[in-house]
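Analysis of the macromolecular model
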Amino acid sequence: MRIHTLARWATVTVAAVLAVAMPAAAQARTWSVPTSVTVKDVSSLTTDELEDTLMVEINAARVAHGLRKIWTFDVCTDDLAEQWGARIARTGLFEHRDQNEIIRKCHNSWAGETLVRGTGLTPADMVELWLDSPGHREILLSPRARRAGVAITRDSQGRTIGVVNLVRHG
C-alpha cells in the first residue's frame, strides 16, 4: 500500500476539523483555481505553484468521486490559511483554527479545514493522506465546499505544512 511507502520516508501528522454556521451576506474577492498544471519536478515549484497543484489534485479526487470541482479561491479564506500555516511553522503548534472564525471573518456559511505536516510531501501525497483519513476525506469530498484557501509553507525543521480551508460562501 502506498501509505506504507510514504511512512518510510515521511513523518506525517494529519488533522481535520469542520464547522457549520448561519449564512452571512457579503461579497468576497476571488480568483480561479487552475484546471491543470504541468509538473516535472515538484521540488522546483514555487509556493504558489505547489498550492495550485494541490488544488488540482483535490479537484481530481473530487471529480473521481462524482463531485463538482472547486473553481474559486477566496482571498479572505486564502489569507487566513496562509496566516495559520505561518503560525504553525513559527510556533510548532499543530492545531486547528476555530472554523467559526473563518465563517465569521469571511462571511461563509460552512468551513472545513485539513492540515498536514511532514517531510518529503508532494501535493499528491497530501491528498492521498487526507483521503485515507475519514475526517479529512469528509472535508475534501464535501458537496458543501465551493471555494478554497490554501497554504503550503515550511517550518524551521524543514517540514512541509499544508493548510486547506474549504468553504461555502454566504
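Reading the values: rules and limits
- Residues numbered from 1 in each chain as written.
- Predicted model: local features only at pLDDT ≥ 70, side-chain atom pairs only at ≥ 80, totals over all residues.
- Heavy atoms only, no water.
- Helix = DSSP H or I, 4+ residues; strand = E, 2+ residues; numbered from the N terminus.
- Salt bridge = Lys/Arg side-chain N within 4 Å of Asp/Glu carboxyl O.
- Axes fitted to C-alpha atoms, helices over the stretch in contact; angles between N-to-C directions.
- Left-handed = near helix turned anticlockwise from the far one by under 90°.
- Contact = heavy atoms within 4.5 Å.
- Nonpolar A, V, L, I, M, F, W, Y, C, P; charged D, E, K, R; others polar.
- Buried < 20%, exposed > 50% of the residue type's maximum accessible area, 1.4 Å probe, protein only.
- Polar contact = N/O pair within 3.5 Å; in protein donor to acceptor, adjacent residues only side chain to side chain.
- Core = buried A, V, L, I, M, F, W, Y, C linked by side-chain atoms within 4.5 Å.

In most cases, non-glycine residues show a negative phi, while peptide bonds are predominantly trans. Look at His-107: it is not a glycine, yet its phi comes out positive at around 60°. Inspection of the secondary structure puts His-107 in the loop between helix 4 (99-106) and strand 4 (108-118).

The next thing to look at is the pattern of salt bridges. The tally for this structure, following the rule as stated, stands at five salt bridges. A salt bridge links Lys-105 to Glu-101, with the shortest nitrogen-to-oxygen separation between them at 2.9 Å. One end of the pair is Lys-105 and the other is Glu-101, both in helix 4 and four residues apart, which spans about a single turn. Among the salt bridges present, the one from Asp-155 reaches Arg-159, with a minimum N-O distance of 2.7 Å. The network of salt bridges with shared partners includes Arg-97, Glu-101 and Lys-105.

Our focus in this paragraph is the packing of helix 3 (residues 75-91) against helix 4. In contact at an axis separation of 9 Å, helix 3 and helix 4 are set at 145° when each is read in the N-to-C sense. Viewed along their axes, helix 3 and helix 4 form a crossing whose handedness is right-handed. Contacts between helix 3 and helix 4 pair Cys-76, Thr-77 and Leu-80 from the former with Ile-102, Lys-105 and Cys-106 from the latter. For the contact of helix 3 with helix 4, the residue count by class is four nonpolar, one polar and one charged.

Turning to the environment of Thr-160, a few remarks are in order. Mapped onto the elements of the fold, Thr-160 is located in strand 6 (residues 160-169). Assessed through its relative accessible area of 4%, Thr-160 is described here as buried. In contact with Thr-160, other than residues within four places in its own chain, are Val-116, Arg-117, Gly-118, Leu-121, Met-126, Ile-152, Thr-153 and Arg-154. At 2.3 Å, the side chain of Thr-160 and the side chain of Arg-154 are in polar contact.

What follows deals with the nonpolar core. Leu-54, Met-55, Ile-58, Met-126, Trp-130, Val-164 and Leu-166 are the most contacted members of the largest nonpolar core, which totals 25 residues. Counting only elements with at least two residues in this core, the list comes to helix 2 (47-64), strand 4, helix 5 (123-131), helix 6 (134-140), strand 5 (147-154) and strand 6. With residues near it in sequence (within four places) discarded, Ile-58 still touches Val-127, Trp-130, Leu-140 and Val-164. Ranked by size, the runner-up nonpolar core spans nine residues in total, among them Trp-84, Ile-88, Ala-89 and Ala-151.

Glancing now at the environment of Leu-54. Mapping Leu-54 onto the fold places it in helix 2. By relative accessible area, which is 0% here, Leu-54 ends up buried. Sequence spacing of Leu-54 and Ala-124 is 70 residues, and the spatial spacing of their C-alpha atoms is 7.0 Å. Excluding its chain neighbours within four sequence positions, the residues that come into contact with Leu-54 are Pro-123, Met-126, Val-127, Trp-130, Val-150, Ile-152 and Val-164.

When you line up the elements, Asp-74 lands in strand 3 (residues 72-74). Side-chain polar atoms of Asp-74 contact the backbone nitrogen of Cys-76, separated by 3.0 Å. Only 3.3 Å separates the side chain of Asp-74 from the side chain of Arg-147, close enough to count as a polar contact.

On to helix 5. Helix 5 sits mainly inside the fold: seven of its nine residues count as buried. When we look at burial in helix 5, the residues that qualify are Pro-123, Asp-125, Met-126, Val-127, Leu-129, Trp-130 and Leu-131.

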